[in-house]
Amino acid sequence: MFKYIFKRIMQAIPMLVIISIICFGLIQLAPYDAVDAMTTPNMTEKTVELIKARYGLDQPAYMQYFYWIKGILSGEWGYSIVTHESISKDLSVRIPNTIILVLPAYFIALVLSVILGLIAGARKGKLADKIIDGLSSFGIAIPSFWMAMVLIFIFGYQLNLFPILGMHTIGDEGSFSDLFSHLVLPTIVLTLSFMPELVRYVRSSTIGQLSEDYVMVQQAYGAPSIGILFNHVLRNVLLPVITIVGMSLPMLVTGAVVTETVFGWPGIGTYFVKAIQGFDYPIIMAIMLLSSSLVIIGNLLSDILYSIVDPRIKGMGE
Amino acid sequence: MGRKNVNILIVLLVSFFLLLAGCSSKPQENADSNKSDGAKTPDTFIYGIDGDPGNAVNVISTGDRYGLMEIKTIYSPLYMYNGKDNVEYFLAESITPSEDFLTYTAKLRKDVKWHDGEPFTADDVVFTYEQMLKEENGGWARSQLIFNNQPVKVEKVDDYTVKFTLPEVSMGAFEALGNIFIMPKHVYEGETNIANSPKNATPVGTGPYKFKEYKAGESVTFEANQDYFLGAPKIAKVVYRIIMDANTATMALQKGEINAFAIQPSDAAKFKDSKNVSLKPYDEGRVGYLAFNLSSKAVQSKEVRQAIAYSLNRDEINTASYVSSDYYVNAYSILPEKATYYTDNVEKFKTDTKKSKELLASAGASDLKLKLGFTANNPIQQKQAAVIQQNLQAAGITVELVGMDGTALSQKMQSVHTDFDMYLGGYIMGIDPDTFNSLFVTDSTANYMHYSNPKVDELFNQGRVEKDDSKREAIYEEIQQIIIEDAAFYPLVTNKRILAIDSRIKGIEDAGLVPVYTFEDMSQLSY
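Residues numbered from 1 in each chain as written. Chains lettered and ligands numbered in written order. Predicted model: local features only at pLDDT ≥ 70, side-chain atom pairs only at ≥ 80, totals over all residues. Heavy atoms only, no water.

*Asks:* How should I be thinking about the overall build of chain A in this particular structure?
*Replies:* For chain A, the helix and strand inventory stands at 14 helices and 0 strands. In terms of principal-axis extent, the alpha carbons of chain A reach across some 85 × 60 × 35 Å. A burial count over chain A gives 48% of its 318 residues as buried. Looking at chain A alone, contacts between residues at least 24 apart form 75% of all its contacts between residues at least 6 apart. A total accessible area of about 15500 Å² is found for chain A, and carbon and sulfur atoms account for 69% of it. Side-chain charges of chain A comprise 19 positive and 21 negative groups, with the mean position of each set lying 10 Å from the other. (Helix = DSSP H or I, 4+ residues; strand = E, 2+ residues; numbered from the N terminus. Buried < 20%, exposed > 50% of the residue type's maximum accessible area, 1.4 Å probe, protein only. Contact = heavy atoms within 4.5 Å. Areas by Shrake-Rupley, 256 points an atom, 1.4 Å probe, with all protein chains shown as cover. Lys, Arg positive; Asp, Glu negative; His and termini not counted. Charge placed at Lys NZ, Arg CZ, Asp CG, Glu CD.)

In structure tokens form, the structure reads like this:
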């Protein structure tokens, strides 16, 4: 098993390198020059040259790449060219903000969809299934910004139950209950947008499991169907869910872009959108690299976890 | 065993909903208590903005709207020039031109202190203008301090008198010398790179409010400067709150989470009958336009451009984008109505599809296909572009809409390119017509149309040094007529900015609504 884990880690490293080259290359291919964002038209050639030299933009591309990677490995992510703020500092403020929002939402979505998926799967074709499955279709079809606006209008404005803007009330920054009340609406939106696909997934694998022999055996012994569902089927359904959980790791960074923008949540999403608008290329590169690395790391983690839970897996790779 | 699992799940679920329910009651109490506090004496003014002004501002290189709003809150200029008879003095008590109009002498206030307690003197003024003139600093106002390739000379006469010496007479100088915010010499002295200085994160000014805190992506907070030379501000705290989504902002404003926001005309109806929020549309002197990219071959013929102008319908375009005439007036000249020597005695290109077709035929341009560049996420420009497309369709011209990101569009405009033949834009310039020369003079910095007419160049040069008022007026009227006749620039609209503001806020008249900064003097606002 350790051999398998070691092999998977070794495979992930060249992937990360390739990802970083792609991120860097894409920005180099962008239709405008990074230096344009820092200069104004009335600067002379000499001034522009000086600015280029200061940021190392006069060096050939491969040298710039090495400087960049060297910086990232040593925790120095560079500076925004629009606000001149340190990117690692900005990220260290914003990543926790996003995690506060995404993690609980994802957890709730996971728990609810396992329950709903199991029920729908077990009662395939019956009313409960039709309702759950129908709602999932509905959920997939609804854009999350629209859902956010509807919730803001009803619960934030008309019923006036929750605040609608940002993370804190101005002047009430330290209060936990204040933070919590700001969390409710965006969390609901995120939960509802994460859920439908998970429900679908659990439902279809439940249906698959229910036609397996062991279920028939249990039924033959006269075990109650709820018992079968939660004692036997659940375990087998949860196995592939590990894969999904691992693969959703990058969501911690970019999973809430739309929701954050609508609610004015000061997380990575709004930061990323702003950077793209202002062509703040060091930030774009950093976030692209971060989220694509998380995809690889997430895959790696889920593979490893899976191989621990189900030892048959490691045999398959060899 | 099975039962147990189900029970655990049910318990989990129930506790989760209880938790949610429990939490929902708390914020309600909070909101109520906030409200009752608010009804007594709110001490905070929260202004929603749809951009991030950033942590680092300085008076030299900060040039975007929200950065400048932050600057205006913290710093003061010598004076603000809002028109010939409308000069608002701040750090200067007066500024007087000499008889030959070559020197301007500014008398400074003696009672001004920087936010860190240091006294303000003429040294600060001289230092600021020198930094603005240094090319490597990339100062936004540098070009307006250069007269015929010669910089203005700034000298200290005594601690409270500064003399500006022009290299040659320029009638726009009075305006050009104003509107520049003064920076503290004792803070920035010896700084080689002002644009990226770490000192920008903790600005020290002389303005009505002191910088308190910047929260990335969230807000900028200011607190009242009790020593403000025009009197302590009445509201203790001002917050610029960053909200990227206009719908959320509109709702937050209706609800009272923020106290002011500049809304889109299409949202104005929501506030028509509102008791809590009142609308203050005000003129920013902005001219919105359709301009031609003259590096593109298809539109290099004047006849083709005039044909396009004849097929456009200004009223239709403006009603579609600005909803009601409360929020716009049709524009005909390159100058906004507030500018000195504005005239609407120019060719208005009244919609005439027949004439348009004739012109196209005589120019030999049949089956014309044009590309129109505009900012894709700007709701106003989306509508303008759609109506323009319709208008031109009627004249037999096919328009392809090229929507792009604002940054990409402005990068394109700054270089010679042929990606699109016309584009939508707008500018807020000064009051004196001379400040508009950079848009139209051959090879000038902001001449994105790549327009070149030697007659216009010559007239702009004459107008700048002409001392006689009526002669000057004639020169600028001719300029307006020639540029419009050339049809490279089709003015669409002078639109208003609609500030939706909490009805409890008083003193908006005294604070003064001005272009870009919103308030001329925020210290006058009160609840």
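Anyway, onward from the coordinates.
*Asks:* Could you clarify how one ought to interpret unusual backbone geometry in this entry?
*Replies:* The general pattern is negative phi for most residues beyond glycine and trans for most peptide bonds. All names here are of chain B. Phi is positive for V323, which is not a glycine, with a value near 65°. A positive phi angle, near 60°, is found at A487, a position not held by glycine. With respect to the secondary-structure elements, A487 resides in the loop between helix 14 (469–486) and strand 20 (489–502). For A487, a relative accessible area of 2% puts it in the buried group.

*Asks:* Just checking my understanding: could you explain the environment of L368 of chain B for this structure?
*Replies:* Residues and elements named next belong to chain B. Relative to the elements of secondary structure, L368 occurs in the loop between helix 9 (353–362) and strand 17 (369–375). Overall, L368 belongs to the buried group, its relative accessible area being 10%. Once residues within four sequence positions are removed from consideration, L368 is found in contact with V304, L360, G396, I397 and T398.

*Asks:* Any chance you could explain the packing of helix 4 (residues 87–122) of chain A against helix 7 (residues 176–210) of chain A here in plain terms?
*Replies:* In helix packing, the relevant descriptors are the interaxial angle and the interaxial distance, both defined with respect to the helix axes. Residue and element names in this part refer to chain A. Contact geometry for helix 4 and helix 7: axes closest at 6 Å, N-to-C directions at 35°. Viewed along their axes, helix 4 and helix 7 form a crossing whose handedness is right-handed. Tallied by class, residues from the contact of helix 4 with helix 7 come to 24 nonpolar, 6 polar and 1 charged. (Axes fitted to C-alpha atoms, helices over the stretch in contact; angles between N-to-C directions. Left-handed = near helix turned anticlockwise from the far one by under 90°. Nonpolar A, V, L, I, M, F, W, Y, C, P; charged D, E, K, R; others polar.)

*Asks:* Mind showing me how you'd approach the domain arrangement of chain A here?
*Replies:* Much of the literature gives interface size as the accessible area that the parts lose upon coming together. Residues and elements named next belong to chain A. Here chain A is partitioned into domain 1 (1–82 + 280–318) and domain 2 (94–277). A C-alpha centroid distance of 30 Å is found between domain 1 and domain 2. Contacts between domain 1 and domain 2 engage 17 residues on the former and 16 residues on the latter. Of the roughly 1500 Å² buried where domain 1 meets domain 2, counting both sides, 83% is carbon and sulfur surface. Applying the counting rule to domain 1 against domain 2 returns 0 salt bridges. (Domains from an automatic or database assignment. Buried area = accessible area lost by both parts, 1.4 Å probe. Salt bridge = Lys/Arg side-chain N within 4 Å of Asp/Glu carboxyl O.)

*Asks:* Can you walk me through helix 13 (residues 454–465) of chain B in this structure?
*Replies:* What sets the pattern is the α-helix's 3.6 residues per turn: residues three or four places apart point alike. Residues and elements named next belong to chain B. Across its 12 residues, helix 13 extends 18 Å between first and last C-alpha, which sits within 8% of the 16 Å expected from 1.5 Å per residue. Where helix 13 is concerned, the buried positions are V456, D457, L459, F460, G463 and R464. Down the axis of helix 13, the smallest arc covering the buried residues is 165°, so these residues share one side. Within helix 13, the exposed residues directed more than 90 degrees away from the buried face are P454 and N461. On its buried side, helix 13 packs onto strand 6 (146–147), helix 12 (437–440) and helix 14. Of the residues flanking the start of helix 13, the one acting as N-cap is N453, its side-chain oxygen 3.0 Å from the backbone nitrogen of K455. (Expected span 1.5 Å × (residues − 1). Arc of directions from axis to C-beta. Polar contact = N/O pair within 3.5 Å; in protein donor to acceptor, adjacent residues only side chain to side chain.)

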